[in-house]
Amino acid sequence: MIARAVARDAGEILTVQRAAYVTEAQLYGDPFIPPLVESVEQVRKVIESAVVLKATDGERIVGAVRGQLAGTTCRVGRLVVAPDAQGRGIGTALLEALHEQVAEATAFDLFTGHLSDGNLRLYRRMGYKETHRERMDDHLTLVHMRRG
């Protein structure tokens, strides 16, 4: 089930986020990537100011995604699925629900790391096209994508 997150979900969403991003941190050799050092208070503030959707399996939150409208573009961020729940279509369902929730957006922008093959496949399958790459350091190049 997918629903709008509320402030009290912040801790559980952060737990899922950290679990989901550990593999990214290992892939890029950086344990201090922003999703791993974000605080509960920061997540709570995002929930209050943006569209944050959660996917639940019973009472447990197993995934989440954020969308922030800037003009007519929705910036998509922190699409996460608990490691033990991956491969079941939860990420796809969260993105589809975000596209519906922010229907006034004419475009959706996001980015992921260049080595994140699963993410890149998902985003391409969902209609996102690469717009440009941004080299952050020796280990990381961000791939910016848009669905318009």
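As a reminder, the structure under discussion sits directly above these lines.
Residues numbered from 1 in each chain as written. Predicted model: local features only at pLDDT ≥ 70, side-chain atom pairs only at ≥ 80, totals over all residues. Heavy atoms only, no water.

J.: Looking at this structure, how should I read the overall build of the protein chain?
T.: Of the regular secondary structure elements, the protein chain holds 5 helices and 7 strands. Secondary structure elements of the protein chain, listed N to C terminal, follow the sequence β-α-α-α-β-β-β-α-β-α-β-β. In terms of overall size, the protein chain behaves like a compact globule, its C-alpha atoms giving a radius of gyration of 14 Å where 148 residues would be expected to give roughly 15 Å. Projected onto the principal axes, the alpha-carbon positions of the protein chain cover approximately 40 × 35 × 30 Å. (Helix = DSSP H or I, 4+ residues; strand = E, 2+ residues; numbered from the N terminus. Rg over C-alpha atoms; globule rule 2.2 N^0.38 Å.)

J.: Sorry if this is basic, but what is going on with the side chain of threonine 73 here?
T.: Mapped onto the fold, threonine 73 is located in strand β4 (residues 73-81). Residue classification places threonine 73 among the buried positions, given a relative accessible area of 15%. Once residues lying within four places of it in the same chain are set aside, the contact partners of threonine 73 are Gln68, Ala107, Asp109 and Arg146. (Buried < 20%, exposed > 50% of the residue type's maximum accessible area, 1.4 Å probe, protein only. Contact = heavy atoms within 4.5 Å.)

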